[in-house]
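Breakdown of the fold
Residues per chain, in single letters:
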Amino acid sequence: MKDHRPQWIQSGPSCRNVAGLASEYLDDCLPVLTNVRVGLHLASCADCRIYMKQMALVCEVAAGLPKQYPSPITRLRLRQHFACCHSPSS
Amino acid sequence: MNADTVTSIESMSHNPSISPKLQVVKPSGLTKAEDTILARLKHGDEGAFDELVNQHHSALIRMAMNYVADREVAEEVVQDTWMAVIESLNRFEGRSSLRTWICGILIHKAKDRGVREKRHTTFSAFESSDDDNDEAVDPSRFQQTGDWAGHWAFPPQPWDDQTPEKLLASKQAVDSMQRAIETLPATLKEVLILRDVEGVEAKEVCELLKITETNLYVRLHRARERVRAAVETALG
């Protein structure tokens, strides 16, 4: 017997749709109804939950990438220029 | 860059249809924290300047790399940007956020430097493409026909027990992410750096890059997906 999708899944967004909306869903900027539809799809689709979790992880790791700072000599140069232009006594 | 350019960057978010004379109540684009640091800067507080540099230097370097040939040139562009910020600070009226203002100066200087060195053309030749018609996720990963069309044919495999902390501790994963970010086309890289790496609000990114929110999310999603795919490959 052929495995057919339940009717309620057919009426909702496909995995392809959900994957395409992942960034907006994670940033919470989808229209309310679309947001609910994506949420319902995720509740029933383990593969899309994995995809969404991986995208969220990428965002979180990107935020934690190492910071970059100026070299000591550049910092000194900038401080001197700042002091020269904005010294309280000037 | 002259003072007029610095001023014009600050005013870029203003509605030109409103006469300056009518703007009695000046809208402030500053957050409370920025307001405080700006006051300290204008009083010559060197500690405040250090804080400002620590907060934004990383984003400026990563953004400058979008427009110029190498890290060394990017460092120069960022240093020039800080010099311009120092010199124009007293003219900054807080109509945009401090970050938007500083990034605006950086973009102007980096583009100028890139054009002068005529290296931006060279970059484009090596950049990976960003075709507007491309879907972020490879369409071949989904069922193409039948009752399950549009559903995963080759779903993503779980990254076992991965947390941000574990991923950040994995040199392989971080290196693959860094490489993936470095090789993104400039239009994708700038949104990912601003939004995800530096945590700039979506609205502010749009204002800074002069793009719509729809366009922002098209680019951002492609960028995130390419980085995700790189980590997926690296973790095997």
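The structure displayed is predicted, hence computed values, not measured ones.

Conventions adopted
- Residues numbered from 1 in each chain as written.
- Chains lettered and ligands numbered in written order.
- Predicted model: local features only at pLDDT ≥ 70, side-chain atom pairs only at ≥ 80, totals over all residues.
- Heavy atoms only, no water.
- Patch = residues over 30% accessible without salt bridge, like charges linked within 9 Å, V, L, I, M, F, W, Y side chains within 5 Å.
- Areas by Shrake-Rupley, 256 points an atom, 1.4 Å probe, with all protein chains shown as cover.
- Salt bridge = Lys/Arg side-chain N within 4 Å of Asp/Glu carboxyl O.
- Buried < 20%, exposed > 50% of the residue type's maximum accessible area, 1.4 Å probe, protein only.
- 1 Å grid on protein atoms, 1.4 Å probe; cavity = no way out; pocket = protein on both sides within 12 Å on 5 of 7 lines; lining within 4 Å.
- Points joined across faces, edges and corners; volume = space filled by probe spheres on them.
- Helix = DSSP H or I, 4+ residues; strand = E, 2+ residues; numbered from the N terminus.
- Contact = heavy atoms within 4.5 Å.
- Buried area = accessible area lost by both parts, 1.4 Å probe.
- Polar contact = N/O pair within 3.5 Å; in protein donor to acceptor, adjacent residues only side chain to side chain.
- Nonpolar A, V, L, I, M, F, W, Y, C, P; charged D, E, K, R; others polar.

**Considering a nonpolar patch on the surface**
Together, Val32(A), Val36(A) and Leu40(A) make up a nonpolar patch on the protein surface, roughly 300 Å² of accessible area in all. Overall, the relative accessible area of 44% leaves Val36(A) in the partly exposed class.

**Observations regarding empty space enclosed by the protein**
Under the defined criterion, the tally for this structure stands at one cavity of 30 Å³ or more. The computed volume of the largest cavity comes to approximately 40 Å³. Taken together, Ala62(A), Ala63(A), Leu65(A), Pro66(A), Lys67(A), Ser58(B), Arg62(B), Val197(B) and Glu198(B) form the lining of the largest cavity. Those elements that place two or more of their residues in the lining of the largest cavity are helix 5 (46-63) of chain A together with helix 3 (46-64) of chain B.

**Looking at the interface of chain B and chain A**
Note on interface size: it is often stated as the accessible area lost on association of the parts. Taken together, the contacts link 60 residues of chain B with 47 residues of chain A. Taken together, the two surfaces of chain B and chain A that pack against each other cover about 5200 Å², and 62% of this comes from carbon and sulfur. Across the salt bridge formed by Arg16(A) and Glu135(B), the nearest N and O atoms sit 2.5 Å from each other. Here chain B and chain A share 22 residue pairs in polar contact (both at pLDDT 80 or more) between them. Mapped onto the side of chain B that touches chain A, the elements with two or more residues apiece are helix 3, helix 4 (71-88), helix 7 (164-169), helix 8 (171-182), helix 9 (186-197) and helix 11 (213-235) of chain B. With ten residues, helix 3 of chain B is the largest single contributor of residues to the side of chain B that touches chain A. Taken together, the residues of the side of chain B that touches chain A break down into 28 nonpolar, 16 polar and 16 charged.

**Focus on the side chain of Ser97(B)**
Residues and elements named next belong to chain B. Checked against the element boundaries, Ser-97 lands in the loop between helix 4 and helix 5 (98-116). Residue Ser-97 is classed as buried on the basis of its relative accessible area of 7%. A distance of 2.8 Å separates the side chain of Ser-97 from the side chain of Glu-204, its partner in a polar contact. Beyond its immediate chain neighbours, meaning those up to four positions away, Ser-97 contacts Gly-29, Leu-30, Glu-34, Phe-92 and Glu-204.

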